[in-house]
Amino acid sequence: MPRIVRPTAYGTPDVLTVTEAPTPSAAADGVVVEVRAAGVNPIDWKLYSGAFHDVDDDHKDAAGLAASMPSLGLECAGVVTEVGAEVTDVRVGDEVIVYPVTAAYADYITAPADALFRKPAQIDWAQAGALMLTGTTAVHALHAAGVGAGDTVLVHGGSGGVGLMAVQLATAAGATVIATAAERNHALLRELGATPVVYGPGLADRVRAAAPQGVTAAVDFAGTDEALDVSLELVADRDRISSITGSPRRAATGIKSLGYGPGEDAGAELRNAARGELVERAGSGALRVIVDATFPLAEAAKAHEVGIAGHAPGKLVLIP
């Protein structure tokens with residue numbers, strides 16, 4: 001029988017269990033995909049940890065909170081095994097990237113045909129399954145902060161999955177990038193075109209030294225008070241600071257908070273529009289999808305423990 005990973009209760013990763021599930025059938029306008037890789041993202045453990053921020057009624061479905069126990073896995077890649085009657089441009093056997101999707105921690109998923117993109121042959125399954133959520137989030141954050149050619153942008157959390165995407169996309173757009181990270185990840189950030197700085201006490205002064213011309217924008221993927229305070233100190237225009245996570249303090253600062261909570265910008269249209277270009281960039285080698293580790297589907301809890309610890313550069317991926 002096919003398998004799926006579900007939380008049995010709200011709590012820590014030990015609530016995750018692998019259970020059997022019937023093989024799904026395709027809707028008329030959709031497909032069934034055999035999953036070869038599913039990206040692991042912080043939102044996955046936030047959904048069942050009880051720590052996820054409150055969301056309003058209009059955003060519950062998008063945030064994955066409509067069900068009593070949330071499904072896990074919002075991105076994946078795999079092989080099409082069934083095609084609905086109304087689908088004309090997808091064939092059984094096609095290798096695809098699927099985003100957005102729900103319940104991708106599984107052997108099989110169903111998805112509408114418009115969530116599918118051809119998997120480039122130049123990237124492997126793990127990279128394909130890890131591209132979209134971090135990629136679209138980085139696009140959204142950079143767009144919200146207005147980052148473009150001639151800017152100097154401070155990227156907080158530069159070695160995480162979203163941060164590494166943002167570093168590459170901002171550099172490609174012609175911006176100068178200063179990225180915070182632990183020293184062990186500095187060589188990777190330099191390789192991608194950023195100037196790395198260590199976070200912690202004295203961060204603002206280290207950023208000033210790295211960018212004597214000043215910082216014109218900041219994107220925060222770390223969510224710490226330090227990241228918020230340093231951004232506010234160094235960036236004159238608060239409209240040019242965007243953040244995907246952090247404390248409720250953000251609401252009173254005038255920066256742009258991104259996500260699904262009340263008053264936040266979900267950016268669904270922008271993110272969806274970015275998917276095709278992200279696939280093209282990854283296929284051409286212009287955008288690297290950096291996977292730190294892969295885990296069997298049955299070890300989803302272990303993958304979450306590693307992710308929560310926060311030391312991995314790049315993405316974690318489940319391989320069914």
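Computed from a predicted structure; not experimentally measured.

## Here we look at the domain arrangement of the protein chain
Along its sequence, the protein chain is organised into domain 1 (3-130 + 289-318) and domain 2 (134-257). For domain 1 and domain 2, the distance between their C-alpha centres works out to 28 Å. Contacts between the two partners involve 11 residues from domain 1 and, on the opposite side, 12 residues from domain 2. Where domain 1 meets domain 2, there are 0 salt bridges.

## Observations concerning the packing of aromatic side chains
Under the criterion given, the structure shown has 0 aromatic pairs. The side chain of Lys-119 reaches across the aromatic face of Trp-125, ending 5.0 Å from its centre.

## Thoughts on the packing of helix H4 (residues 132-144) against helix H9 (residues 268-284)
Here H4 crosses H9 at 120°, and the two axes come no closer than 9 Å. Handedness of the H4/H9 crossing: right-handed. Between H4 and H9, the contacting residues are Met-132, Gly-135, Thr-136, Thr-137, Val-139, His-140 and His-143 on the first element and Leu-270, Arg-271, Ala-274, Arg-275, Leu-278 and Val-279 on the second. Its residues assigned to classes, the contact of H4 with H9 shows 6 nonpolar, 5 polar and 2 charged.

## Focus: the side chain of Thr-152
Examined against the element boundaries, Thr-152 turns out to sit in strand S8 (residues 152-156). In this structure Thr-152 comes out as buried when scored by relative accessible area, which is 4%. Within the structure, the side chain of Thr-152 is placed 3.0 Å from the side chain of Gln-213, a separation counted as a polar contact.

## Notes on the side chain of Asp-94
Within the secondary structure layout, Asp-94 lies in the loop between strand S4 (76-83) and strand S5 (95-98). Look at Asp-94 and you get buried, because its relative accessible area is 14%. Among the polar contacts made by the side chain of Asp-94, one reaches the main-chain amide nitrogen of Arg-91 at a distance of 2.8 Å. There is a polar contact of 2.4 Å between the side chain of Asp-94 and the side chain of Arg-118. For Asp-94, the contacting residues outside a window of four places in its chain are Gly-78, Val-79, Val-80 and Arg-118.

## A few points about helix H7 (residues 203-210)
Those residues of H7 that fall on the buried side of the exposure criterion are Leu-203, Ala-204 and Val-207. Buried residues of H7, viewed axially, fall in a sector of 100°; they line one side. Among the exposed residues of H7, those pointing more than 90 degrees away from its buried face are Asp-205 and Ala-209. In this structure, the buried residues of H7 make contact with S8, strand S9 (176-180), strand S10 (195-197) and helix H8 (225-234).

## Some details on the pattern of salt bridges
Applying the stated criterion across every chain yields a total of 11 salt bridges. The salt bridge involving Arg-3 is made with Asp-107; its shortest N-O contact spans 2.9 Å. On the criterion of sequence distance, the pair formed by Arg-3 in strand S1 (residues 3-7) and Asp-107 in the loop between S5 and strand S6 (108-112) is long-range, its members being 104 residues apart. The partner of Arg-288 in a salt bridge is Glu-191, with the nearest N and O atoms 2.7 Å apart. Separated by 97 residues along the polypeptide, Arg-288 in the loop between H9 and strand S14 (291-296) and Glu-191 in helix H6 (residues 186-191) bring together distant segments of the chain.

## Details of the sheet that holds strand S11 (residues 217-220)
Reading across from one edge, S10-S9-S8-S11-S12-S13 is the order of the 6 strands in this open sheet, with parallel pairing throughout. Strands with a single pairing partner mark the edges of an open sheet, and in this sheet they are S10 and strand S13 (256-257). Of the strand pairs in this sheet, strand S12 (residues 241-243) and S13 are connected by 2 bridges, and their pairing is parallel. Note on S13: the bridge partner recorded for Ser-242 is Lys-256. Contacting S8 and S9, helix H5 (residues 161-172) runs over the sheet at an angle of about 165° to S9. Contacts from H7 reach S8, S9 and S10, with the element oriented near 160° to S10.

## Observations concerning unusual backbone geometry
A cis amide bond links Tyr-99 to the next residue, Pro-100, at an omega of 0°. Here Pro-100 is to be found in the loop between S5 and S6. Its identity is not glycine, yet Ala-103 carries a phi of approximately 60°, on the positive side. In this structure, Ala-103 sits in the loop between S5 and S6.

## A short note on the environment of Ala-179
Within the secondary structure, Ala-179 is located in strand S9. By relative accessible area, Ala-179 is classed as buried at 0%. The spatial distance from the C-alpha of Ala-179 to the C-alpha of Glu-86 is 46 Å, given a sequence separation of 93 residues. Other than its neighbours up to four places away in sequence, Ala-179 contacts Val-155, Gly-158, Val-167, Leu-189, Ala-194, Thr-195, Pro-196 and Val-197.

What counts, and where the lines are drawn
Residues numbered from 1 in each chain as written. Predicted model: local features only at pLDDT ≥ 70, side-chain atom pairs only at ≥ 80, totals over all residues. Heavy atoms only, no water. Domains from an automatic or database assignment. Contact = heavy atoms within 4.5 Å. Salt bridge = Lys/Arg side-chain N within 4 Å of Asp/Glu carboxyl O. Phe/Tyr/Trp six-rings, centres within 6.5 Å; stacked < 30°, edge-to-face > 60°. Lys NZ or Arg CZ within 6 Å of the ring centre and 35° of its normal. Axes fitted to C-alpha atoms, helices over the stretch in contact; angles between N-to-C directions. Helix = DSSP H or I, 4+ residues; strand = E, 2+ residues; numbered from the N terminus. Left-handed = near helix turned anticlockwise from the far one by under 90°. Nonpolar A, V, L, I, M, F, W, Y, C, P; charged D, E, K, R; others polar. Buried < 20%, exposed > 50% of the residue type's maximum accessible area, 1.4 Å probe, protein only. Polar contact = N/O pair within 3.5 Å; in protein donor to acceptor, adjacent residues only side chain to side chain. Arc of directions from axis to C-beta. Pairing = 2+ DSSP bridges.

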